[in-house]
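Topology and contacts: notes
Here are the chains, one letter per residue:
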Amino acid sequence: MPRIEVASEAGACFGVERALGMVDELARVGSLSVATLGPLIHNPRVIGQLEQEGVRVVEAADAASGSMLVLRTHGSTPAEEALARETAEAVTDATCPLVKRVHRAVERMYGDGRTVVVVGEAGHPEVVATMARAEGSLCVGSAEEAAALGIEGPVGVVAQTTITHELFEACCEALSRTHDDVEVADTICDATTKRQAAARELAERADCMIVIGGKNSANTRHLYDICAVACPNSHHIESPDELDVSSLEGCDLIGITAGASTPAAHIEELLDYLHASLGIESS
Ligand code: SF4
């Protein structure tokens, strides 16, 4: 009889739960309509649920006049924050404290005269908000890109919170080979590291891995990449109905993990779905 096992660290992190709790309270007891500046988190199902509760997503800070505007978990640029405070009726900052820690590291390095390099995904909202804190900052997504940089003067390196340690270390090593003065701040989030380690450990034992979470979520995609290396029969889904159940045939151990932006309820829903469709038990 096949078994199902959920990774020992999986699902919504403290920053996401904190942001969802803040918005939930504002929507329930607040006197103003609530809008978020960009999606609060990278999980389309959760954003859809919030919209049903009346929480709008606005793409520009000046599109929420008369509303309570919530700055999202990934952070906002200083210009967006300033515009939000100028134009919205009120502002709530739901930026994860660990993302703010990256902002502080970048501001300090920039203040010390360093050119800041952010290792991460160019264009990701967290990276955009981080880079906006240091003029002339650069983003690299691979060791090859890092090795190709020819920066004059001292360099400061930080990580997008959700990247893998392997990528960060490879980029730091490449920069240290080509530059004399490199200061490194490892700003990878602990929640990310723990989910990645637990996913890898489970994927190495499982016959199939199911990764649940937003397809637009960087940390969920990284979990999938890690799982796919250790377990080729890996699947990234946002909801159980996307799962090809035939791919589970013959599996002794089915592993489940979930991104940091995936609520616990979505993991429970997947477990219920597997129980109902396959008649198998979780361990
Ligand atoms: S993954 Fe880490 S940095 Fe990102 S929201 Fe969660 S706790 Fe914060």
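Keep in mind it's a predicted model, so treat the numbers as computed, not measured.

**With respect to the overall build of the protein**
Scanning the protein for helices and strands turns up 10 helices and 13 strands. Over its C-alpha trace the protein gives a radius of gyration of 20 Å, about what one expects of a compact globule, namely 19 Å for 283 residues. Seen through its principal axes, the protein has C-alpha atoms that stretch 60 × 55 × 20 Å. Across the 283 residues that make up the protein, the buried fraction comes to 52%. With the model as given, the accessible surface of the protein reaches about 12300 Å², and the carbon-plus-sulfur share is 49%. Counting 20 positive and 44 negative side-chain charges, the protein places the centres of these two groups 5 Å from one another.

**Points about the domain arrangement of the protein**
We note that the domain assignment places domain 1 (3-12 + 191-282), domain 2 (14-96) and domain 3 (98-189) within the protein. The straight-line distance from the C-alpha centre of domain 1 to that of domain 2 is 29 Å. Taken together, the contacts link 13 residues of domain 1 with 10 residues of domain 2. When the two sides are added together, the surface that domain 1 and domain 2 hide from each other amounts to roughly 940 Å², 52% of it contributed by carbon and sulfur. Here domain 1 is connected to domain 2 by 1 salt bridge.

**Details of the sheet that holds strand S6 (residues 115-119)**
If you walk across this open sheet you meet the 4 strands as S7-S6-S8-S9, and the pairing is parallel. Edge strands, defined here as strands with exactly one partner in the open sheet, are strand S7 (138-140) and strand S9 (182-185). For this sheet, the mean inter-axis angle between neighbouring strands, taken without regard to orientation, is 25°. One ladder, built from 4 bridges, connects strand S8 (residues 155-159) with S9; its direction is parallel. Paired with Val157 across the two strands is Val184, which belongs to S9.

**Let's talk about the layout of surface pockets**
Taking a probe equal in size to a water molecule and rolling it over the atoms shows the remaining empty space. Empty space within the largest pocket amounts to approximately 320 Å³. Lining the largest pocket we find 23 residues, and of these Cys13, Val16, Thr161, Thr162 and Asn219 sit closest to its centre. For the lining of the largest pocket, the secondary-structure elements that each account for two or more residues are helix H1 (14-29), helix H4 (97-111), helix H8 (190-203) and helix H9 (218-230). For the lining of the largest pocket, the leading source of residues is H1, giving 3 residues. The class makeup of the residues in the lining of the largest pocket is 11 nonpolar, 11 polar and 1 charged.

**Brief notes about the nonpolar core**
Ranked by size, the top nonpolar core spans 20 residues in total, and within it Val16, Leu20, Val23, Leu40, Ile41, Leu50 and Val70 carry the most contacts. Elements with a contribution of two residues or more to this core: H1, helix H2 (44-52) and strand S4 (68-71). For this core, the element with the highest residue contribution is H1, accounting for 5 residues. Sequence-distant contacts of Leu50, that is, excluding residues within four places in its chain, are made with Leu20, Val23, Leu40 and Val55. Val117, Ile151, Val155 and Ile188 belong to the second-largest nonpolar core, a separate cluster that totals 16 residues.

**So, the packing of H8 against H9**
H9 packs onto H8 with a crossing angle of 25° between their chain directions and a minimal axis gap of 8 Å. The pairing of H8 with H9 is recorded here as roughly parallel in orientation. Between H8 and H9 the crossing geometry is right-handed. Residues Arg195, Gln196, Ala199, Arg200 and Ala203 of H8 lie in contact with H9, whose contacting residues are His222, Leu223, Ile226, Cys227 and Ala230. By residue class, the composition of the contact of H8 with H9 is 6 nonpolar, 2 polar and 2 charged.

**Things to note about the site of the ligand**
In the region of the ligand, the neighbouring residues are Cys13, Phe14, Gly15, Thr73, Cys96, Leu98, Thr161, Cys189, Thr192 and Ala260. With respect to the detected pockets, the ligand is housed in the largest pocket. Within the shell around the ligand, the residues separate by chemical class into 6 nonpolar, 4 polar and no charged. Two domains each provide a minimum of three residues to the shell around the ligand, namely domain 2 (14-96) and domain 3 (98-189).

The rules behind the values
- Residues numbered from 1 in each chain as written.
- Predicted model: local features only at pLDDT ≥ 70, side-chain atom pairs only at ≥ 80, totals over all residues.
- Heavy atoms only, no water.
- Helix = DSSP H or I, 4+ residues; strand = E, 2+ residues; numbered from the N terminus.
- Rg over C-alpha atoms; globule rule 2.2 N^0.38 Å.
- Buried < 20%, exposed > 50% of the residue type's maximum accessible area, 1.4 Å probe, protein only.
- Areas by Shrake-Rupley, 256 points an atom, 1.4 Å probe, with all protein chains shown as cover.
- Lys, Arg positive; Asp, Glu negative; His and termini not counted.
- Charge placed at Lys NZ, Arg CZ, Asp CG, Glu CD.
- Domains from an automatic or database assignment.
- Contact = heavy atoms within 4.5 Å.
- Buried area = accessible area lost by both parts, 1.4 Å probe.
- Salt bridge = Lys/Arg side-chain N within 4 Å of Asp/Glu carboxyl O.
- Pairing = 2+ DSSP bridges.
- Axes fitted to C-alpha atoms, helices over the stretch in contact; angles between N-to-C directions.
- 1 Å grid on protein atoms, 1.4 Å probe; cavity = no way out; pocket = protein on both sides within 12 Å on 5 of 7 lines; lining within 4 Å.
- Points joined across faces, edges and corners; volume = space filled by probe spheres on them.
- Nonpolar A, V, L, I, M, F, W, Y, C, P; charged D, E, K, R; others polar.
- Core = buried A, V, L, I, M, F, W, Y, C linked by side-chain atoms within 4.5 Å.
- Parallel < 35°, antiparallel > 145°, perpendicular 65-115°, else oblique.
- Left-handed = near helix turned anticlockwise from the far one by under 90°.
- Near = heavy atom within 4 Å.
- Sits in = over half its atoms within 2 Å of the grid points.

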